[in-house]
Amino acid sequence: MSPSLPGLGFLLLVGWQVAAATSPGTYLCSSSPVNEPAVCASVKSVSQEMLLEIARGQASPCSLTFGQYACAQSAWLQDLQDNFLISLYSCLTAKPASAMDPEYSILFFSKYDAKKLVAALTMFSQRFSHVPLSLEWNMIFINGLWEKMLQVPDIDSPPVLSQWVHEGLQPFLVEPKVFACLHAKNVLCETFQMIVAALNGIYSDLPVEEQRNLYAGIKYYLIQDGSNEKCYSAAVPGLNSTAWFENYLGSFLEHATVGDLQLFGDEPTLQKFARDPVNIQMISNLTLLRETAVYYTSLLTSGPGFSFSSLPDRFVCYLSPSAVSNLSRDDTLSLAQRISENCPLNLKHRGITRERAPSSLTTEELQVASSLVRKFEHFPPAILRALGQAAVGLSISDIENSISDKDLEASIPALGEVRGWNTEQSSTIINKLLSSGYQIRDGQSLAKLGSLVAGINSSTLRSLSPEVVLEAIKLPEFVQQMVTLPSVLKMTFVEKISSSVGHPADLVKCIPDALASYIPKSLLVFGEEKPNIQDLNSKMWTREQAAMFFSDVIKTEPDFSRLSQSVLQGFTCAAVNEVEAERFQELAKVMKKKNVKLGEDQLSCLVKMVTLHGIPQDLDNYPKDLLLFLSPSDYAATGSCRQYFANIGKANLDVLQRESSQRKQLLLEALACLKIPGTQVNKENADTLGHLVCDLGGEYIRSSGGNLLKQLSQCESFLPDQEEAIRSVISSGNTTFGPPVAWSAFTLNELSGLIPVFDHSILQKIPKNVLTLWLKNYAHNSPLSREQLATVVEELLPTRHKRADGCPPDKQITEMVLNDDLMPIHYSPEELRACLKNVSLENHLSRMLTYAFSVQQLAELKRNLDETYPDGYPDSLLPKLGPLISFITPEDVSKWKITSADTLAALLKDQPPDDRASAVIKRYVDLGNALNATALNAIGTRYVCLLNATELNIIDSSSLKLASLNPSACPQLTKNILYAKAKQAFSDQKYLPAYYDLVEPYLGGAPGVDLRALSKGNVNMNISTFAKLRRDSLLSLTPSEVQGLLGINLHDLQKWQNKSPIREWVQTQKQSELEKLDVGLTGGLQEGYMNIVTPKFQSPSAASLGAVAMTLHLLPALLISFLMMSVLS
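Cut-offs and rules
Residues numbered from 1 in each chain as written. Predicted model: local features only at pLDDT ≥ 70, side-chain atom pairs only at ≥ 80, totals over all residues. Heavy atoms only, no water. Helix = DSSP H or I, 4+ residues; strand = E, 2+ residues; numbered from the N terminus. Buried < 20%, exposed > 50% of the residue type's maximum accessible area, 1.4 Å probe, protein only. Contact = heavy atoms within 4.5 Å. 1 Å grid on protein atoms, 1.4 Å probe; cavity = no way out; pocket = protein on both sides within 12 Å on 5 of 7 lines; lining within 4 Å. Points joined across faces, edges and corners; volume = space filled by probe spheres on them. Nonpolar A, V, L, I, M, F, W, Y, C, P; charged D, E, K, R; others polar. Disulfide = S-S within 2.5 Å. Axes fitted to C-alpha atoms, helices over the stretch in contact; angles between N-to-C directions. Parallel < 35°, antiparallel > 145°, perpendicular 65-115°, else oblique. Salt bridge = Lys/Arg side-chain N within 4 Å of Asp/Glu carboxyl O. pLDDT = per-residue confidence, 0-100. Phe/Tyr/Trp six-rings, centres within 6.5 Å; stacked < 30°, edge-to-face > 60°. Lys NZ or Arg CZ within 6 Å of the ring centre and 35° of its normal. Core = buried A, V, L, I, M, F, W, Y, C linked by side-chain atoms within 4.5 Å. Expected span 1.5 Å × (residues − 1). Left-handed = near helix turned anticlockwise from the far one by under 90°. Lys, Arg positive; Asp, Glu negative; His and termini not counted. Polar contact = N/O pair within 3.5 Å; in protein donor to acceptor, adjacent residues only side chain to side chain.

**Student:** Help me out: how do you make sense of the overall build of the chain in this one?
**Tutor:** Helix and strand counts for the chain come out as 68 helices and 0 strands. Residues counted as buried form 53% of the 1129 residues belonging to the chain. In the chain, the share of contacts with a sequence separation of at least 24, taken over all contacts with a separation of at least 6, comes to 71%.

Written out as structure tokens, the structure is:
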């Protein structure tokens, strides 16, 4: 923490001078001192009694104007309550601001006692921490508050400044434009430097979000007038310091992007800043965004005469390949050692990254490693040890030809510590070891492989005894390697461990954390065994797994706060039977604190229990997602409708189906609450709507211009009219982002969520160098899929290609090229075909197929494989096909030997089209392979409906028990067959609470007799499961049996009574029996009437009735009996 800066308040006050506004909103800023007699001359005076009445709640705060409060005597204002600012703000925002309000703000806050004001601001912050403030009144308030802050004694000491910034001003500083006030007041650079130094002193005490907000404000000040190199001039004393990053950004540099740095100065100037010793010292202690760290390192190393010995250790992790190309062997080994020592596996970077393996290396890291390795022709153990982490640059050829069998085995300890091996590298090393006689006899010899264990194939692992695996997983260094293993190996490890560990509690205790989520859920049913809460809390579970033991856990642990987020997500309606109704509110509040994410059925059940005895009046203490199932009127006791919809905007709206009536109603109520006229939504309302913006129609998007783009970029998907409207707004250029032709890579990154919507007309306007820079620095952190990134790649290729006679000399495909994830942008499809002629793809295919190749380029990769393997792909190649599986034909599949369920899993992992998947599954089965648990999990819910009756009937119940399928969307025959097998599979758990959760996905095939048995078990079936039950089974149930099945969800029947098959069930029941359910069902049979509903299937017990069943009305019971007997005869 920096030392306090004496005189900060004085310096700032001296530095601020009145100036004309230079940007929107700055007319709302003025400076101290205010001439009170002149300002208050036209303001109607106010008495102390009037202020006391407001303080006591006897008069409305809105009965006085801002000017009257500002011109009142200082002593009288101290009688106001701490919540007064909240009321005042609500009064003021109801009308437009006047030109005098900035002066009133300074005068009003100058009269407030500092301690009393901090208390009032703290309460204000708590109320508005999640509700965006009006920009207009935000500027006015901050105008007075900032100057009041500068008059506070000891404001230059970090504790006092922190209290004001963190507790008082936080909701105001969310908007970077408030820093425009500093421009309006003509704050000098020297003065601004003091502000940054003071804020830097409290940086580490601030939450990350507040750090970001303050950085955005600092950046706004530094770039607002559009000039480059603000506050720097080599010719001006006082502004010629190259320690610019330290002076004007400090620790806030952690939030700067490359685009930001390029706004602060041109490259020669930035190089001067980068090499300044003061800046280097500061940055060595910061955690920069990765792309910023790479750029900063390039600024350091790109100049002439640079010596690596002067490069701080922190920066060796961010070197570019060109920087290391001319090193000697000795320097290479020295640098490799520094990389190993300073670039650990868990090196942290700021920013949000796409989920990927912790050991994944960037293109630059791989290319640097490859450059270092190329300095050597042979690799004895001493060289491999010295290379350390850089050994990841070894090519397949190096492994096969430049390391002897003896040296390879001697180097296992060193190679096992290297992170980031790709599939081909690790499997080549392991295969070479095993073929040369290396044996895995015990846990020690398995653990010795370290990171290389990922190269073991599953059949080798299955051949090991369980004791070997159990011994290895007791070694902490081996357990660390589990995190980065392929899914198929993780499942195989679980298979080996669970085969030797019989009890769920023992399995939970010994299973490594990284494998826990791969345990089949049926193995986590505790039954009479008491679960160990500490062991369960220490693992990460899936929601399905946690549901298996949730009821057992809450019976064992009365204090919900001791349960982990992972365990709590297993909440099921069955818990209603284990917990007193009054405690569900306590449970829900714990879920809020631990940020537990629940699904629609879970939330629907939980909200019923939470509101069983009325709507709580503190709904802000409950999960935001629960509000999706309540209304603004339910929230009234907690806060305003605006506050309700601000919370809804932050909730997981995708819990509700996109086109559901519930979501549509929420949007309509939100628009009404916010009083949005017509179809134009301003930024303030857009911030409040949050995720609800994703449901606004195209007309709203067009009318609102760019106001909605920030929220739209977070949406999962769009409807066609929304996409068209987004393209229209973007193409117009009338947004804060400007026209596409003027975008930077940073702009594109801010809009990355909208890239899938961009068509050719937009993408072609974005400068190609911007698209390239975005792909290089941002694409790996974007949420876009490989296919979506490929649309950007297509824009970087020539629109027309002349036929290539051969591979151009500068396009030869080398090891460096194969390790470059930007490889696709350098080759047209024709060039790719020509340049792949003499390249073996097999050893690089896994990595290459993660690159954003276009459809045409992928077709060329497939063509190359077809030419290389005309008689069918070898077994070793099949698991590597990835996205190429979509190009495969049934003829291709017929040549394959799919010999294992692991290969089947790899082929289906990229979710090929149904016809391709069906061909792959058929080939697997036709070759005599079993549909075991691994195969069933590979087929999964997505493809299970493709299985025919013959394939379904060969599934063994014991395999189904270890699989996770949901056939509810399949043909009825599929559901019938799988239900019978599931019932048998889980028969030994039939009398346990978890039985229902195990069998629930298969209930669409259950006969009526089984449903009647379940109705006696308090299962609290959700309505969506009920609606998917077998039609004849559902229609056979009585109202009391339905009540037994649905339990607490019975009231949902009323909402679903007009949907089939529930509608038909209602029509076949006596109305008098329906009324006993007391849920508002109508349409049942009146007394003396009878309905026979035509079934949509041939029921075995009523086949002869199928052709003549009819609806009979107004007939006596005797006549009906006569007609029925006639039909049967």
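From this point, the narrative continues.
**Student:** I would appreciate a short explanation of empty space enclosed by the protein in the present structure.
**Tutor:** Which parts of space are left empty comes out when a probe the size of a water molecule is rolled across the atoms. Overall, the coordinates contain 9 cavities of 30 Å³ or more when judged by the stated rule. Each pocket or cavity is described by its volume, and for the largest cavity that value is around 160 Å³. Every residue lining the largest cavity is counted, 15 residues in all, and those nearest its centre are Cys-317, Ile-339, Glu-365, Val-368 and Gln-389. Here the lining of the largest cavity is built from residues that sort into 12 nonpolar, 1 polar and 2 charged.

**Student:** Sorry, what's going on with the state of the cysteines here?
**Tutor:** When the sulfur atoms of two cysteines share a covalent bond, that bond is a disulfide. Under the counting rule described, the total for this entry stands at 9 disulfides. The disulfide partner of Cys-573 is Cys-605, and the gap between their sulfur atoms is 1.8 Å. The sign of the 120° torsion about the S-S bond sets the Cys-573-Cys-605 disulfide as right-handed. Of this pair, Cys-573 sits in the loop between α35 (565-568) and α36 (584-593) while Cys-605 sits in helix α37 (residues 600-610), placing them 32 residues apart in sequence. Here Cys-605 falls in the buried class, since its relative accessible area comes to 1%.

**Student:** Looking at this model, I keep getting lost on the packing of helix α6 (residues 84-92) against helix α8 (residues 114-128). Mind explaining?
**Tutor:** Two packed helices can be described by the angle between their axes and the distance between those axes. Viewed as axis vectors pointing N to C, α6 and α8 meet at an angle of 60°, and their least axial separation amounts to 8 Å. With respect to α8, the element α6 is oriented oblique. Judged by residue contacts, Leu-85, Ile-86 and Tyr-89 of α6 engage Leu-117, Ala-120, Leu-121, Met-123, Phe-124, Arg-127 and Phe-128 from α8. Taken together, the residues that form the contact of α6 with α8 break down as 9 nonpolar, no polar and 1 charged.

**Student:** What is the right way to look at helix α47 (residues 768-777) in this model?
**Tutor:** Two residues of an α-helix separated by three or four positions point the same way, owing to the 3.6 residues in each turn. For α47, the complete set of buried residues consists of Val-770, Leu-771, Trp-774, Leu-775 and Asn-777. On the buried face of α47, the contacting elements are α19 (290-301), α45 (745-750), α46 (760-763) and α48 (786-795).

**Student:** Help me out: how do you make sense of the pattern of salt bridges in this one?
**Tutor:** For the coordinates displayed, the defined rule picks out 40 salt bridges. Here Lys-111 makes a salt bridge to Glu-36, at a shortest N to O gap of 2.8 Å. Of the two residues, Lys-111 is situated in the loop between α7 (101-110) and α8 and Glu-36 in helix α2 (residues 36-40); the sequence distance between them amounts to 75 residues. By relative accessible area, which is 30% here, Glu-36 ends up partly exposed. In this structure, Arg-663 engages Asp-695 in a salt bridge whose closest nitrogen and oxygen atoms are separated by 2.6 Å. Taken together, the residues Arg-663 in helix α40 (residues 661-673) and Asp-695 in the loop between α41 (683-689) and α42 (698-703) connect sequence positions 32 residues apart. An identical accessibility class is assigned to Arg-663 and Asp-695; each is buried. Salt bridges sharing partners connect three or more residues here, namely Asp-654, Arg-658, Arg-663 and Asp-695.

**Student:** Help me out: how do you make sense of the confidence of the model for the chain in this one?
**Tutor:** Close reading of the predicted structure is inappropriate where its pLDDT is low. Per-residue confidence for the chain gives a mean pLDDT of 87, with 90% of residues at or over 70. Predicted confidence for residues 1-26 stays below pLDDT 50, and this span has 59 contacts to residues more than four positions away or in other chains. Taken as a whole, residues 1094-1129 scores under 50 in pLDDT and shows 25 contacts with residues more than four places along the chain or in a different chain.

**Student:** What am I meant to see in the packing of aromatic side chains here?
**Tutor:** Think of a pair of aromatic rings as described by two things: how far the centres are apart, and how the planes are tilted against each other in angle. Counted under the stated rule, the structure contains 34 aromatic pairs. Ring centres of Phe-192 and Tyr-221 lie 3.7 Å apart, and the angle between their planes is 15°; on these two criteria the pair is classed as stacked. Here Phe-192 is found in helix α13 (residues 189-201), whereas its partner Tyr-221 is found in helix α14 (residues 208-223), with 29 residues between them in sequence. One exposure class covers both Phe-192 and Tyr-221, and it is buried. With 5.6 Å between their ring centres and 80° between their planes, Phe-245 and Phe-273 make a pair best called edge-to-face. On the criterion of sequence distance, the pair formed by Phe-245 in helix α15 (residues 244-248) and Phe-273 in helix α17 (residues 267-275) is long-range, its members being 28 residues apart. In this structure, Phe-245 and Phe-273 share a single accessibility class: buried. Feature note: the residues Phe-66, Tyr-69, Phe-84, Tyr-89, Tyr-104, Phe-108, Phe-109, Tyr-112, Phe-124, Trp-137 and Phe-141 constitute an aromatic cluster, connected by ring pairs. The positively charged end of Arg-583 is found above the aromatic ring belonging to Phe-560, 4.1 Å away from the centroid. The ring of Trp-1056 has Lys-1059 sitting right over it, with the charged end atom 4.3 Å from the ring centre.

**Student:** What is the right way to look at the nonpolar core in this model?
**Tutor:** Soluble globular proteins tend to pack their nonpolar side chains together in the buried interior. In this structure, Phe-108, Phe-245, Leu-446, Trp-774, Trp-896, Phe-1026 and Leu-1053 are the most contacted members of the largest nonpolar core, which totals 358 residues. If one sorts the elements of this core by residue count, helix α9 (residues 135-150) sits on top with 9 residues. Ignoring anything within four residues of it in the chain, the contact list for Phe-1026 reads Met-1021, Leu-1034, Leu-1037, Val-1042, Leu-1045, Leu-1046, Leu-1053 and Ile-1062.

**Student:** Would you mind showing me how to read the side chain of Lys-862 here?
**Tutor:** Among the secondary structure elements, Lys-862 is positioned in helix α52 (residues 855-868). What Lys-862 contacts, discounting residues up to four positions off in sequence, is Tyr-873, Leu-884, Phe-887, Ile-888 and Asp-892.

**Student:** Looking at this structure, I do not really get helix α31 (residues 487-498). What am I missing?
**Tutor:** Over its 12 residues, α31 extends 16 Å from the first C-alpha to the last, a length consistent with the 16 Å expected when each residue adds 1.5 Å. Every buried residue of α31 is listed here: Leu-489, Lys-490, Thr-492, Phe-493, Val-494, Lys-496 and Ile-497. Where α31 is buried, its residues contact α27 (443-447), α28 (458-463), α29 (466-472), α30 (476-479) and α32 (504-510).

**Student:** What should I look at first to understand the packing of α36 against α37 in this one?
**Tutor:** Contact pair α36 / α37: the axes reach a minimum separation of 8 Å and the direction vectors enclose 130°. Classed by the angle they form, the pair α36 and α37 counts as oblique. Seen along the crossing, α36 lies across α37 with a hand that is left-handed. Along the contact surface, α36 presents Phe-584, Gln-585, Ala-588 and Met-591, while α37 presents Leu-606, Met-609 and Val-610. Along the lines of polarity and charge, the residues of the contact of α36 with α37 split into 6 nonpolar, 1 polar and no charged.

**Student:** How should the side chain of Asp-398 be read in this particular structure?
**Tutor:** Mapped onto the fold, Asp-398 is located in helix α23 (residues 396-401). Buried within the structure, Asp-398 lacks any salt-bridge partner; Arg-374 is the closest side chain of opposite charge, at an N-O distance of 8.6 Å. At 3.0 Å, the side chain of Asp-398 forms a polar contact with the backbone nitrogen of Ser-395.

**Student:** Is there a simple way to think about the environment of Ser-918 in this case?
**Tutor:** For Ser-918, the position within the fold is in helix α55 (residues 914-926). On the basis of relative accessible area, Ser-918 is assigned to the partly exposed category, the value being 30%. On a C-alpha basis, the gap between Ser-918 and Leu-908 in space is 9.9 Å, while along the polypeptide they are 10 residues apart.

**Student:** When you look at the environment of Arg-658 in this model, what are you seeing that I'm missing?
**Tutor:** The residue Arg-658 is located in the loop between α39 (641-650) and α40 in this model. Between the alpha carbons of Arg-658 and Cys-694 there is a distance of 9.5 Å; along the sequence they are 36 residues apart. Excluding anything up to four places from it in sequence, Arg-658 contacts Arg-663, Cys-694, Asp-695, Ser-717, Phe-718, Leu-719 and Gln-722. A polar contact of 3.0 Å, which involves the side chain of Arg-658, links it to the backbone oxygen of Cys-694. Here Asp-695 takes part through its side chain, which lies 3.5 Å from a polar atom of the side chain of Arg-658.

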